[in-house]
Amino acid sequence: MFSPRWALLSAAVMVAGCAETELPAPQSKPLAVHPVFQTPLSHVPSSRPAVQVDILDASEHWLLTAELYLTVQSSRFPSETWVVLPLNIGDFQGCRSRFVQLPFEVREGDTLLLNLLDDDRLTAEQEKLVLQSCATTGYCLLIAGKLHAATTGLFAQGVELAADVLGNVILDDVKSHGFKNLGKAEFHVPPALPARAGEANVLTILDESRYARVLVKLFAPERDLPFDSTPAL
């Protein structure tokens, strides 16, 4: 028959044994954050939306043609940060449609703000610099009034510092060039985006008079979408 002393000792051993078997729950590794956009960085291709931009009307002042740019901003971005896509300038004159995969990831509930801009004040040399800087990726980055060239390493593995992925400054004070806003639209990211542009909902960019100049389709390609610099007429 066990003495009270042995009974207490056995109970203590049992409690200690149970405590040792209760391991803490594994902690999930926090998702990396992009150093420029402050967006998640999972490196899953379908997390980076692509856009198909269709120009309906680029006219300006009777027979003139507006030089169109599309800017995209996420609700996760730091202030004064935009992705800038030239639409119908330089080699893209006469271009009616473009496909570009954006350099940042989205999650359900994010809001994307799209603005259609027209610029008549860039010199021919400045416009050439912009186009050269967008030739590889299809876009530039506007950060705090400075237009940067984009690099293919913008969403590469191991990205940690903004200085590692930002290209040269193309224009030093974009605000002084006076872009004219020709319309805007908001897009609220749903739980899942379609994998093909043909299945996406159409986002219409309207000006102040509710006139539609550009249609945008956002989709999530299952594989990285290479940028084709050949204009789609």
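Our subject in this report is the structure included herewith. (Residues numbered from 1 in each chain as written. Predicted model: local features only at pLDDT ≥ 70, side-chain atom pairs only at ≥ 80, totals over all residues. Heavy atoms only, no water.)

1. What to know about the pattern of salt bridges
So, step 1. Overall, the coordinates contain five salt bridges when judged by the stated rule.
So, step 2. In this structure, D224 engages R48 in a salt bridge whose closest nitrogen and oxygen atoms are separated by 3.0 Å. Here the residue D224 occupies a position in the segment after β13 (212-219), and R48 occupies one in the loop between α1 (4-21) and β1 (50-55), the gap between them amounting to 176 residues.
So, step 3. Classification of D224 as partly exposed rests on a relative accessible area of 47%.
So, step 4. With relative accessibility at 6%, the residue R48 sits in the buried group.
So, step 5. A salt bridge links E105 to R107; the nearest nitrogen and oxygen atoms lie 3.1 Å apart.
So, step 6. The class of R107 is partly exposed, set by a relative accessible area of 23%. (Salt bridge = Lys/Arg side-chain N within 4 Å of Asp/Glu carboxyl O. Helix = DSSP H or I, 4+ residues; strand = E, 2+ residues; numbered from the N terminus. Buried < 20%, exposed > 50% of the residue type's maximum accessible area, 1.4 Å probe, protein only.)

2. Notes on the nonpolar core
So, step 1. Ranked by size, the top nonpolar core spans 37 residues in total, and within it L70, V83, L85, F104 and V216 carry the most contacts.
So, step 2. Listing elements by their share of this core, those giving two or more residues are β1, β4 (68-74), β5 (81-86), β7 (111-118), β11 (180-188), β12 (202-206) and β13.
So, step 3. Dropping the residues within four chain positions of it, V83 is found in contact with F37, L70, T71, V72, F77, L102, P103, F104, Y139, C140 and L141.
So, step 4. With 15 residues, the next largest nonpolar core counts V84, C140, L147 and A149 among its residues. (Core = buried A, V, L, I, M, F, W, Y, C linked by side-chain atoms within 4.5 Å. Contact = heavy atoms within 4.5 Å.)

3. Thoughts on the side chain of N115
So, step 1. Along the polypeptide, N115 turns up in strand β7.
So, step 2. We classify N115 as buried; its relative accessible area is 10%.
So, step 3. At a separation of 2.7 Å, a polar atom in the side chain of N115 contacts the side chain of N181.
So, step 4. If we ignore the near neighbours within four places in the chain, the residues touching N115 are Y69, L70, T71, N181, G183 and K184. (Polar contact = N/O pair within 3.5 Å; in protein donor to acceptor, adjacent residues only side chain to side chain.)

4. A word on the packing of aromatic side chains
So, step 1. For the structure on display, the rule yields five aromatic pairs.
So, step 2. Arranged with centres 5.0 Å apart and planes meeting at 25 degrees, the rings of F37 and F77 form a pair that is stacked. With F37 in the loop between α1 and β1 and F77 in the loop between β4 and β5, this residue pair connects regions lying 40 residues apart in the sequence.
So, step 3. Taken together, a centroid distance of 4.8 Å and an interplanar angle of 80 degrees make the contact between F77 and F104 edge-to-face. Of this pair, F77 sits in the loop between β4 and β5 while F104 sits in the loop between β6 (97-101) and β7, and the two are 27 residues apart along the sequence.
So, step 4. Given a relative accessible area of 9%, F77 falls into the buried group.
So, step 5. With a relative accessible area of 1%, F104 lands in the buried category.
So, step 6. Three or more aromatic residues link up through ring pairs in this structure, and these residues are F37, F77 and F104. (Phe/Tyr/Trp six-rings, centres within 6.5 Å; stacked < 30°, edge-to-face > 60°.)

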